[in-house]
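# Structural features, examined
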Amino acid sequence: MALLPIITAPDPRLRKTSQPVQTIDDSVHTLMADMLETMYAAPGVGLSAIQVGVAQRIVVIDTAKDPDPPAPLRLINPEIIWRAEEAGPFEEGCLSFPDQFEEVERSAAVHVQYLDASGESRVIEAEGLQAIALQHEIDHLDGVLLVDHVSTIKRNIIMRRMKKLQRMQAAE
Ligand code: NI
């Protein structure tokens, strides 16, 4: 396994629409293992393939909390097939926006259809943090980011901070 570099905003690759996975081969399995390792190391509760530069519809999530054992989810071509009308704000972060946290309004529960690592079609019924993480990561597959869910004023502030961070890193 390997740690992968995480792309941060305002990198234009984060705005790409990811393509469906056609064949679940060893390269997909390796990518998912590396994505999980990268997510745990960050640490984070979700990561999409585009955040490590791969424009394929792949997401990994683990919202298990200590002291519960890890519960990694590997989702290929995930799709939201149902969402609760009920919604609520939740403070979200994103590994592509280091140290930025914003309240985002999302459905309180979702059902997501996906292919598992062996290509089996499955449906997960999620609520709470898992439902939030699924909606956030599936957004990434369509180039939609955390900042698209906040006001223009907040978005501009965050994007300015990200550009400053980028300049500082470039100067190092
Ligand atoms: Ni994110």
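Look a little higher up for the structure.
Since the model is a prediction, treat every value here as computed from it, not as a measurement.

### Observations regarding the overall build of the protein chain
What the protein chain contains, in helices and strands, is three helices and seven strands. Secondary structure of the protein chain in N-to-C order comes out as α-β-β-β-β-β-β-β-α-α. Expected size for 172 residues packed as a compact globule is a radius of gyration near 16 Å; at 16 Å, the protein chain falls within 12% of this value. Summarising its shape, the C-alpha atoms of the protein chain cover approximately 45 × 40 × 35 Å along the three principal directions. Counting only residues that meet the buried cut, the protein chain has 41% of its 172 residues in that class. Look at the contacts in the protein chain between residues 6 or more apart in sequence, and 64% of them connect residues 24 or more apart. As displayed, the protein chain offers around 9,400 Å² of accessible surface, 51% of which is attributable to carbon and sulfur atoms. Both charge centroids of the protein chain, one from 16 positive and one from 26 negative side chains, sit 11 Å from each other.

### Comments concerning the environment of D116
Mapping D116 onto the fold places it in the loop between β6 (109-115) and β7 (121-127). Among the residues examined, D116 registers a relative accessible area of 10% and is labelled buried. Excluding residues within four positions of it along the chain, D116 makes contact with I24, R74, I76 and R122.

### Concerning the coordination of the nickel ion
Distances from the nickel ion to its protein donors, C94 (SG), H136 (NE2) and H140 (NE2), fall at 2.1 to 2.2 Å. Sequence spacing of the donor residues for the nickel ion, all on one chain, is C-x41-H-x3-H. Note that C94 is positioned in strand β4 (residues 87-94) and H136 in helix α2 (residues 128-141), a separation of 42 residues in sequence. Accessibility classification places C94 together with H136 in one group, the buried group.

### Examining the sheet that holds β7
Taken together, the five strands give an open sheet; going across it, the order is β1-β2-β3-β6-β7, and neighbouring strands pair in antiparallel fashion. With partners counted over all chains shown, the strands left at the sheet margins are β1 (46-48) and β7, one partner each. On average, each strand axis in the sheet is tilted by 40° relative to the strand beside it, whichever way the strands run. Direction of pairing for β1 relative to strand β2 (residues 58-61): antiparallel, over a ladder of three bridges. Bridged to G46 within β2 is I61. Across the sheet, helix α1 (residues 26-41) lies against β1, β2 and β3 (73-83), angled at about 40° from β2, the strand it touches most. Along the sheet, α2 contacts β1, β2, β3, β6 and β7; its crossing angle with β7, the most-contacted strand, is approximately 125°.

What counts as what
Residues numbered from 1 in each chain as written. Predicted model: local features only at pLDDT ≥ 70, side-chain atom pairs only at ≥ 80, totals over all residues. Heavy atoms only, no water. Helix = DSSP H or I, 4+ residues; strand = E, 2+ residues; numbered from the N terminus. Rg over C-alpha atoms; globule rule 2.2 N^0.38 Å. Buried < 20%, exposed > 50% of the residue type's maximum accessible area, 1.4 Å probe, protein only. Contact = heavy atoms within 4.5 Å. Areas by Shrake-Rupley, 256 points an atom, 1.4 Å probe, with all protein chains shown as cover. Lys, Arg positive; Asp, Glu negative; His and termini not counted. Charge placed at Lys NZ, Arg CZ, Asp CG, Glu CD. Donors = N, O, S within 2.8 Å, 3.2 Å for Na, K, Ca; no water. Pairing = 2+ DSSP bridges. Axes fitted to C-alpha atoms, helices over the stretch in contact; angles between N-to-C directions.

These figures capture arrangement, not role.
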